Amino acid sequence: MPLSDCPRRLWREVTVFDGLQQLPEPMAVLVEGEQVAGLWPERDFDPALAAGAEEAGRGGVMTPGLVDCHTHLVYAGDRAGEFEQRLEGVSYEEIARAGGGILSTVRATRAADEDELVATSLPRLDALLADGVTTVEIKSGYGLTLADELKMLRVARRLGELRPVRVTTTLLGAHALPPEYAGRADDYVALVCEQMIPAAVEAGLADAVDVFCEGIGFSPAQCERVYQAASTHGLAIKAHAEQLSNLGGSALAAKYGALSADHVEYLDEAGVQAMAEAGTVAVLLPGAFHVLRETLVPPIELLRRYGVPMAVASDANPGTSPICMPSLMANLACTLLRLTPREALAGMTAHAARALGLPELGRIAVGAPADLCLWDIRQPAELAYAVQAGRLRQRIFKGAITHAR
Ligand code: NIG
Ligand code: FE
């Protein structure tokens, strides 16, 4: 559309968190079409700069649209029974080894068709959107057959067509060993590498691959085979690593140029160094930390010292983080993991976008996509400080106001 026909919208007197920091004074923000076209301190603002623009809002805090860079949003069933078991002292690993956990969600997800999965997942997506998310990554990993993994990825893509949100998809075929492959893990990894990855790429259904590198998941050698196949097929790489033990999964992922290593409670200094050298983002998942009542905090100080960017995500899933409220994650990242509010917000915007290989997102800057949130709060830190739904005044997606009250 020619620039003159683009809608021009202007926000005045907003406190801006630009994805990395709070700007020092109130700002005027101009959006033209799908992009941020102007960003001026109020005291320098000349209305002639935004001639013809409609005033869309005044006051409040503007942040980039939130980027939830790690979710398992598509699944059927629930695991409330396991929650009770865990409260009685049974561990996540014990439940998994007894055939529950991820495999219980696999049974329910295999039994659901695409329409059912869309219907059961949409309310969760809507909850994320109502809390300011404009980009969400969705993993497969509860199908564990070629057909069921592709089904999950198609559902994820459909969710992105049904709602105004960017969806990126990640093939997590190596999430758990399905029962029909018991004792034949290497054969299952061959299925992931030789069938799932090529088919997902061929159908344009995956942006990245992920693995669960863990005693109850897959060994580093098996994960490496998945990474080799992903690299051959041009997929980005991510990892669930160092969540329950230290297998060196983060360093392995970094060796393959991974976008991110996620969880990382058990990450050691060698792993941090490898991530720093590769530019791999550490994705912190305080919801899973909280729900599993973990006590070992990721090595935040080391990540700071080595300059590894830290993202924060919901990990929304039926087992370890049945929570679809990103702003609560900001709070938990501060209270449980000791991030500063500024780090937590950068973790849900600029650094989360980097963890998806989309560094143009998660920022408020001239030329950046106009995915924005306007919050009814006085300062950005309040998003992490208070846990309260309903503070989002406007959610702006590709320049259009999609949520306003
Ligand atoms: O990120 N750790 C592995 N995967 C998920 C949990 C999946 C599940 O329990 O259903 C996680 O914590
Ligand atoms: Fe996860």
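Structure's up top.
Residues numbered from 1 in each chain as written. Chains lettered and ligands numbered in written order. Predicted model: local features only at pLDDT ≥ 70, side-chain atom pairs only at ≥ 80, totals over all residues. Heavy atoms only, no water.

Here we come to the pattern of salt bridges. Pairing of side chains with opposite charge becomes possible as their charged atoms draw close. A full pass over the atoms with the stated rule returns 25 salt bridges. For Arg58, the salt bridge goes to Glu55, with nearest N and O atoms at 2.9 Å. Under the relative-accessibility criterion, Arg58 is labelled partly exposed at 39%. Residue Glu224 is joined to Lys255 by a salt bridge in which the shortest nitrogen-to-oxygen separation is 3.0 Å. (Salt bridge = Lys/Arg side-chain N within 4 Å of Asp/Glu carboxyl O. Buried < 20%, exposed > 50% of the residue type's maximum accessible area, 1.4 Å probe, protein only.)

Attention now moves to the coordination of the iron ion (ligand 2). Distances from the iron ion (ligand 2) to its protein donors, His70 (NE2), His72 (NE2), His240 (NE2) and Asp315 (OD), fall within 2.1 to 2.3 Å. Here the donor residues of the iron ion (ligand 2) share one chain and are spaced in sequence as H-x1-H-x167-H-x74-D. Of this pair, His72 sits in the loop between β6 (66–68) and α1 (80–87) while Asp315 is found in the loop between β13 (310–312) and α12 (326–335), placing the two residues 243 residues apart along the sequence. Exposure class is identical for His72 and Asp315. Each is buried. (Donors = N, O, S within 2.8 Å, 3.2 Å for Na, K, Ca; no water. Helix = DSSP H or I, 4+ residues; strand = E, 2+ residues; numbered from the N terminus.)

Close to ligand 1 lie 15 residues; Arg79, Tyr92, Tyr142, Gln243 and Thr320 are nearest. Here Tyr142 contributes a side-chain N or O atom positioned 2.6 Å from an oxygen atom of ligand 1. Within the contact set of ligand 1, an oxygen atom lies 2.9 Å away from a side-chain nitrogen or oxygen of His263. Coverage of ligand 1 by the protein chains reaches 100% of its 330 Å² of free accessible surface. Residue composition of the shell around ligand 1, by class: 4 nonpolar, 9 polar and 2 charged. (Near = heavy atom within 4 Å. Polar contact = N/O pair within 3.5 Å; in protein donor to acceptor, adjacent residues only side chain to side chain. Areas by Shrake-Rupley, 256 points an atom, 1.4 Å probe, with all protein chains shown as cover. Nonpolar A, V, L, I, M, F, W, Y, C, P; charged D, E, K, R; others polar.)

Function cannot be read off these values alone, since they describe shape.
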